[in-house]
Amino acid sequence: MRTITKLQCRMSGCPDSVPPALTQDALCLEHYLECAMHQLEVAAALCREGHPVQPQALDQLHMHAEFAVQFLSDGDGDDTLSKKEQLLQFLLGLANLHQYLSHHASLVGKPN
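Residues numbered from 1 in each chain as written. Predicted model: local features only at pLDDT ≥ 70, side-chain atom pairs only at ≥ 80, totals over all residues. Heavy atoms only, no water.

Trainee: Explain the overall build of the chain here, please?
Mentor: Broken down by element type, the chain carries 3 helices and 0 strands. In the chain, the succession of α and β elements from N to C terminus is α-α-α. Among the 112 residues that make up the chain, the fraction classed as buried is 29%. Of the contacts formed within the chain by residues at least 6 apart in sequence, a portion of 49% connects residues at least 24 apart. Roughly 7,600 Å² of accessible area belongs to the chain as shown, and the carbon and sulfur atoms make up 55% of that amount. (Helix = DSSP H or I, 4+ residues; strand = E, 2+ residues; numbered from the N terminus. Buried < 20%, exposed > 50% of the residue type's maximum accessible area, 1.4 Å probe, protein only. Contact = heavy atoms within 4.5 Å. Areas by Shrake-Rupley, 256 points an atom, 1.4 Å probe, with all protein chains shown as cover.)

Trainee: Where do I start with the environment of Q39 in this structure?
Mentor: Following the sequence through the fold, Q39 ends up in helix α1 (residues 29-48). Under the relative-accessibility criterion, Q39 is labelled partly exposed at 27%. C-alpha separation for the pair Q39 and L61, spaced 22 residues apart in sequence, amounts to 7.3 Å. Beyond its immediate sequence surroundings of up to four residues, Q39 is in contact with Q60, L61 and H64.

Trainee: I keep staring at the packing of aromatic side chains and nothing clicks. Help me out?
Mentor: Centre-to-centre distance and the angle between the planes together describe a pair of aromatic rings. For the coordinates displayed, the defined rule picks out 2 aromatic pairs. Relative to F67, the ring of Y32 has its centre 4.7 Å away and its plane inclined at 65°; by these criteria the two rings are edge-to-face. One end of the pair, Y32, is in helix α1; the other, F67, is in helix α2 (residues 55-74), and 35 residues separate them in sequence. Each of the two residues, Y32 as well as F67, counts as buried. When the ring of F67 is compared with that of F71, the centres are 5.7 Å apart and the planes differ by 35°; the resulting orientation is tilted. Of this pair, F67 and F71 are both found in helix α2, 4 residues apart, which corresponds to roughly one turn of the helix. Residue classification places F67 among the buried positions, given a relative accessible area of 11%. Ring pairing ties together the aromatic residues Y32, F67 and F71, which thus form one cluster. (Phe/Tyr/Trp six-rings, centres within 6.5 Å; stacked < 30°, edge-to-face > 60°.)

This is how it looks when you write it as structure tokens:
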């Protein structure tokens, strides 16, 4: 019989376990969402201030979006409705950022 060990979130003091899809990040869903939303807010703030958003930052946001879509499509019943709402808010925010960037192409920075 195989024992499955749950990985605990790497954030200090967080007792939550890490979902299998986030093992590489070693973050619980709550902290992963905080990180993704922070990255989205930083990119949006850069746009509002007229500064370019680097392609690497957009790639990272796309990876977060792929996770969000996959997580929502899996329909895991253990997670709260509020977490699913946060994932949807992230996806909506990213869609808004892309819409803004489509009208302001100069704000997409050049790769380093």
